[in-house]
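As a plain string of letters, each chain reads:
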Amino acid sequence: MKSNIRDALETRLSVNSYLWPKNTDPYEFIEAILKAGIKNIGLNTDFIEEYGVNKLKQELSLNKINVTSINSVGYFTDNFYFKQHEKIFNYAKILKPDVVCVISGGILGGPNPISSEYNFENKNLNIEKIRKESLNQLLYLFDKAQEQNLTLGLEPIGSWEILKKGHFNSIASCLNLVKKYEHKLIIDLYHSFADTKLESFLKNSPKLGLLQFSNIKFDNNWRPTGRLILNKQNNVNNVDISKYLKTVLNRKDRINVEFEIFQSDIKDTDPKLVITNLKKELLELL
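Residues numbered from 1 in each chain as written. Predicted model: local features only at pLDDT ≥ 70, side-chain atom pairs only at ≥ 80, totals over all residues. Heavy atoms only, no water.

**Some remarks on the pattern of salt bridges**
With the rule as written, the count across this model stands at 13 salt bridges. Where K279 meets E10, a salt bridge forms, and the shortest distance between an N and an O atom there is 3.1 Å. Of the two residues, K279 sits in helix α13 (residues 271–285) while E10 sits in helix α1 (residues 3–12), which places them 269 residues apart along the sequence. K279 gets classed as buried once you look at its relative accessible area, which sits at 11%. Here the salt bridges share partners, and the residues they tie into one network are D188, R227 and E260. (Salt bridge = Lys/Arg side-chain N within 4 Å of Asp/Glu carboxyl O. Helix = DSSP H or I, 4+ residues; strand = E, 2+ residues; numbered from the N terminus. Buried < 20%, exposed > 50% of the residue type's maximum accessible area, 1.4 Å probe, protein only.)

**Examining the packing of aromatic side chains**
Scanning the model with the defined rule gives 14 aromatic pairs in all. Summarising the aromatic geometry, the rings of F76 and F168 are spaced 6.2 Å apart at their centres and angled 40° between planes, so their arrangement reads as tilted. Remark: F168 occurs in the loop between β5 (152–154) and α8 (171–178) and F76 occurs in the loop between β3 (66–74) and α5 (79–82); sequence separation between them is 92 residues. Comparing F76 with F168, the two get one shared label, buried. For the pair F142 and Y181, a centre-to-centre distance of 4.8 Å together with 55° between the ring planes defines the contact as tilted. (Phe/Tyr/Trp six-rings, centres within 6.5 Å; stacked < 30°, edge-to-face > 60°.)

**Description of unusual backbone geometry**
Here the bond from N71 into S72 is cis, since omega is -5°, no more than 30 degrees from zero. Take S72: it is sitting in strand β3. In the Ramachandran plot, Y75 falls in the positive-phi region, its phi being about 50° despite a non-glycine side chain. In this structure, Y75 sits in the loop between β3 and α5. Despite not being glycine, K267 shows a phi value in the positive range, around 55°.

**Notes on the environment of A194**
Note that A194 resides in the loop between α9 (189–192) and α10 (198–204). On the accessibility criterion, A194 (57% relative accessible area) is exposed. When the C-alpha positions of A194 and S170 are compared, they lie 9.7 Å apart, and in sequence the two are 24 residues distant.

**Some words on helix α7 (residues 127–147)**
With 21 residues, α7 ought to run about 30 Å at 1.5 Å a step, and its terminal C-alpha atoms sit 30 Å apart, in line with that. For α7, the complete set of buried residues consists of I130, S134, Q137, L138, L141, F142 and A145. Just downstream of α7 lies N149, where phi reads positive at about 60°. (Expected span 1.5 Å × (residues − 1).)

**Regarding the nonpolar core**
Counting 78 residues, the largest nonpolar core has L19, F29, F213, F259 and I275 as its most contacted members. Once residues within four sequence positions are removed from consideration, L19 is found in contact with F29, F259, I261, F262, Q263, I266, P271, V274 and I275. (Core = buried A, V, L, I, M, F, W, Y, C linked by side-chain atoms within 4.5 Å. Contact = heavy atoms within 4.5 Å.)

**Let's talk about the environment of N54**
Take N54: it is sitting in helix α4 (residues 53–62). Note on N54: relative accessible area 52%, which makes it exposed. Separated by 27 residues in sequence, N54 and Y81 place their C-alpha atoms 23 Å apart.

**Some words on the packing of α4 against helix α6 (residues 85–95)**
Packed helix pairs are characterised by how far apart their axes lie and by the angle those axes make with each other. At a closest axis distance of 10 Å, the pairing of α4 and α6 adopts a crossing angle of 25°. The orientation of α4 relative to α6 falls into the category roughly parallel. When the axes of α4 and α6 are compared, the crossing they make is right-handed. The residues of α6 that touch α4, namely those facing V53, N54, L56, K57 and L60, are Y91, I94 and L95. (Axes fitted to C-alpha atoms, helices over the stretch in contact; angles between N-to-C directions. Parallel < 35°, antiparallel > 145°, perpendicular 65-115°, else oblique. Left-handed = near helix turned anticlockwise from the far one by under 90°.)

**Focus on the side chain of D78**
When you line up the elements, D78 lands in the loop between β3 and α5. For the buried D78, no salt bridge is present, and the opposite-charge side chain at shortest range is K83, 8.9 Å distant. For D78, the side chain forms a polar contact with the main-chain nitrogen of Y81, separated by 3.1 Å. (Lys, Arg positive; Asp, Glu negative; His and termini not counted. Polar contact = N/O pair within 3.5 Å; in protein donor to acceptor, adjacent residues only side chain to side chain.)

**Notes on the sheet that holds strand β1 (residues 13–16)**
Taken in spatial order, the eight strands of this closed barrel run β1-β2-β3-β4-β5-β6-β7-β10, and their pairing is parallel. The sheet shows a mean angle of 30° between the axes of neighbouring strands, direction not considered. Relative to strand β6 (residues 184–188), β5 runs parallel, the two sharing two bridges. When the bridges of β6 are listed, G153 appears paired with K184. Contacts between helix α2 (residues 26–35) and the sheet are confined to β1 and β2 (40–44), with β2 contributing the most and set at about 160° to the helix. On the sheet, α13 packs against β1, β7 (208–213) and β10 (257–259) and is oriented at approximately 145° with respect to β1. (Pairing = 2+ DSSP bridges.)

The following block contains the structure:
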């Protein structure tokens with residue numbers, strides 16, 4: 001491994017707080033990050049609110065920890081979640097992330113539509129109509145964020161999650177949406193590993209705001225169903241994470257790489273252990 005890759009990883013590796021259990025002291029997440037020698041974190045709103053945004057800002061400033069992302073705004077198909085953007089923008093003005101993540105939301109509704117609240121029986125999916133309606137809301141967010149000097153990161157969502165997660169699905173279509181703005185794309189390998197534009201975008205595009213990564217879990221029918229920690233790298237269905245990390249870490253514009261995995265993915269695995277081992281496992285991959 002080239003020394004410049006090692007050096008880049010030292011300064012540009014981030015871990016998202018999604019892996020942190022809600023019933024565990026949020027300060028211990030910051031403590032684990034510091035002990036692991038990681039200089040960046042991604043934040044989700046539940047974690048911010050549990051910690052307290054002003055107290056969290058003080059802790060991050062004291063320890064010189066950069067915020068790579070705040071997650072998330074958007075959810076254009078759900079009025080309740082869409083209206084949360086004002087609160088999250090206020091958090092972003094205090095915490096100053098590299099990007100604020102934008103998730104478009106599922107065709108059937110907001111961030112978790114697959115529940116008793118949504119009935120899929122005898123329902124036609126008018127995807128084109130919903131995308132047109134969402135575009136107006138996206139442009140509204142773009143303008144509001146720009147007024148507040150915030151950079152948004154629109155995240156393409158894997159098309160297999162169009163019902164429950166997002167209906168802006170490809171790198172090319174999302175790139176077209178941000179091209180006239182100062183905003184960027186967040187590329188999550190879980191959602192974009194099969195995108196034909198992935199490699200060229202990661203290598204060349206000035207619109208890359210952040211790369212999120214994890215290993216990918218597939219079901220028995222080889223459909224992506226979740227995320228895995230990196231010590232599962234001997235699975236037979238691996239995506240070549242190393243190639244994409246090297247591509248981004250070799251860029252001259254210092255784009256960060258954020259390990260994003262959810263507490264539901266790691267289940268009973270100690271999140272502190274995941275954080276402690278992360279850098280070592282990445283160095284072995286690279």
